[in-house]
Amino acid sequence: MSEEYQTFEPINMPLRGSLTVPGDKSIASRAIYLAAMAEGTSHIFDLPRSNDVMTVVAVVRDLGAKVKILDSNHRNSVNFDLEITGWGKKGPNPKKTSIYCGNSATCARIGMGVIAPFDIAMIVDGDESLHRRPFMRIVDPLMQMGANFRVVAQKNGKPQRSSLPMEVIGNSDCNPIYYEMPVASSQVKSSILFAGANIKGETTVVEPFQSRNHDEMLLKAFGANIKVNKDMLSVAINGPADLKACDIWIPGDVSSAAYYLTAAALVPGSKITIHNIGINPTRLGFIDALKEMGSRIEIHELDEKECLEKNINYQGEPVGDITVQYAGRLNSIVVSPDKIPSMIDEIPILAMAAACAEGESIFYGVKELKLKESNRIHAISEGLRKLGAKASDAADTLTVEGGIDIEAKRAKGKVDKDDDGVVLLKHHYDHRLAICWALMGLCSYVPVKMRHFEVSHVSYPQFLDDFNELVLESKGDK
Ligand code: S3P
């Protein structure tokens, strides 16, 4: 990896035009696992070429699925298509004794649930960042089902019970459970439901707040019998499910679109449209927040007939185009804990918006962000202070006072520049922070630099290319 700094200079112009972002990482990861678990050959279209998704592809291959990348002349070069022939009822047929999940907690946590109801043992490992993520939240319910775990991780010679690497020792005699999740986590929900798909009886998960519900829709598409309670907080699967191959198109990733949509809301004169993005309400909390802060946002939902005409099947996921037009400086916002799961990955970019807004914003109930690829709330408040905003993080709260005025090109606080006039920001090897800081450099008036921007490839390798598209359109060069 290069130790050179990469600098992000202000573009000093509005963002204009339209874009299609890569496919949704969350839906893609689940679709790949389910296709691997199903009987027959599935096709998955428009998967993103992100490191996390490539990791899930490698994992299902190692577990015994047949995977073919169908890549020639793709309609959209940021994506790719896959053909997967699953292991079906026979269960995984691993080629190795370990799987490597890289930076992806989704890959590791869901993978554990996939393995749990079969008589196989598999060491689950990942990169250094994944070694720091908590795993008891998934070990506990899977042990209640009857799976076992062997501690492999060590720190200073001491065994680390809750960290990767650890060995999952599956069990074909697992029992269904009724599990009340202590935290709203879609990864844990998916893991338990995917395990339940291969366990006899009814497995139920109950969440304190609703997290993203892609698993519910995808399991249905693959033929599972799923019951969702009216309050949307409780989901049950009747196992063993007869999972059958199916074809799925992956909508654009709303978490990737969020960077540009927020930038357009912040930069005077901007107007952009992002096409074909997943607009599942369980992921749109940041749109509601941006609207509440005063942005002008329109959503045009694709109707099912249009999709059928184009021969595209998103298997129940709502998809549409989102347009954001700059409508003046944003106002501050107060976000309550129940809203956090619907914007969990967009809190960093919303915090950037809050830093450029008028007044003090408070995000309550954000302690889960301390357990992501970095301690996000601490890293955000640290970086925003360097940019001249007032920000602080407490046990479960992030407070951001809008100190940065993009139009007037000034900040309330001191901007902490190096001798070269550039602000050095740390992403702590967290892809979302890296992209947020880059965007602050590009869209505000203060140049920003960081090392190892390639960490952004975890979710969005083409971020800068796509950003440049909007700049070119704005210049009228396209
Ligand atoms: C994800 C769920 C969220 C999110 C992560 C992806 C998923 O994590 O932060 O980036 O694909 O299910 P939690 O489920 O732990 O909140």
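This write-up is about the structure you can find in this document. These figures come from a predicted structure and were not determined experimentally. (Residues numbered from 1 in each chain as written. Predicted model: local features only at pLDDT ≥ 70, side-chain atom pairs only at ≥ 80, totals over all residues. Heavy atoms only, no water.)

1. Section: the pattern of salt bridges
Working definition: two side chains of opposite charge can pair if their charged atoms are close together.
Alright, step 1. Summed over all chains, the structure comprises 26 salt bridges.
Alright, step 2. For Asp242, the salt bridge identified is with Lys89, shortest N-O distance 2.9 Å. Of this pair, Asp242 sits in the loop between β15 (234-239) and β16 (247-249) while Lys89 sits in the loop between β5 (79-85) and β6 (98-100), placing them 153 residues apart in sequence.
Alright, step 3. On the accessibility criterion, Asp242 (37% relative accessible area) is partly exposed.
Alright, step 4. Residue Lys89 is classed as exposed on the basis of its relative accessible area of 57%.
Alright, step 5. One salt bridge in this structure joins Arg432 and Asp345, with 3.8 Å as the shortest N-O distance. A residue pair is termed long-range when its members are at least 10 positions apart, and Arg432 in helix α13 (residues 431-443) and Asp345 in the loop between β20 (334-335) and α11 (347-355) qualify at 87 residues. There is no split in this pair, since Arg432 and Asp345 are both buried.
Alright, step 6. Connected via shared salt-bridge partners are Arg133, Arg212, Asp345, Glu373, Arg376, Asp430 and Arg432. (Salt bridge = Lys/Arg side-chain N within 4 Å of Asp/Glu carboxyl O. Helix = DSSP H or I, 4+ residues; strand = E, 2+ residues; numbered from the N terminus. Buried < 20%, exposed > 50% of the residue type's maximum accessible area, 1.4 Å probe, protein only.)

2. Concerning the side chain of Asp81
Alright, step 1. Structurally, Asp81 is set in strand β5.
Alright, step 2. What makes Asp81 buried here is its relative accessible area of 7%.
Alright, step 3. Reaching out from Asp81, the side chain makes a polar contact with the backbone nitrogen of Asp46 at a distance of 3.0 Å.
Alright, step 4. If near-sequence neighbours (up to four positions away) are discounted, Asp81 is found in contact with Ile44, Phe45, Asp46, Leu47, Lys68, Ile69, Leu70, His74 and Arg75. (Polar contact = N/O pair within 3.5 Å; in protein donor to acceptor, adjacent residues only side chain to side chain. Contact = heavy atoms within 4.5 Å.)

3. A short note on the sheet that holds strand β14 (residues 225-228)
Strand pairing in a sheet takes place through backbone hydrogen bonds and is either antiparallel or parallel in direction.
Alright, step 1. Here four strands make up an open sheet; going across it, the order is β12-β13-β15-β14 and the pairing mixed. The open sheet terminates on both sides in strands that have one partner only, identified here as β12 (178-180) and β14. On average, adjacent strands in this sheet sit at an angle of 15° to one another, irrespective of strand direction.
Alright, step 2. Alignment of β14 against β15, held across four bridges, turns out to be antiparallel. When the bridges of β15 are listed, Ile226 appears paired with Ile237. (Pairing = 2+ DSSP bridges. Axes fitted to C-alpha atoms, helices over the stretch in contact; angles between N-to-C directions.)

4. Regarding the packing of aromatic side chains
Alright, step 1. Inspection of the entire model under this criterion finds eight aromatic pairs.
Alright, step 2. Judged by centre distance (6.2 Å) and plane angle (85°), the ring pair of Tyr260 and Tyr460 falls under edge-to-face. You can see Tyr260 sitting in helix α8 (residues 254-266) and its partner Tyr460 sitting in the loop between β27 (448-451) and α14 (463-475), a full 200 residues away along the chain. Comparing Tyr260 with Tyr460, the two get one shared label, buried.
Alright, step 3. Residues Tyr260 and Phe463 carry aromatic rings whose centres are separated by 5.8 Å and whose planes lie at 15° to one another, so their mutual orientation is stacked. Note that Tyr260 is positioned in helix α8 and Phe463 in helix α14, a separation of 203 residues in sequence.
Alright, step 4. In this structure Tyr260 comes out as buried when scored by relative accessible area, which is 0%. (Phe/Tyr/Trp six-rings, centres within 6.5 Å; stacked < 30°, edge-to-face > 60°.)

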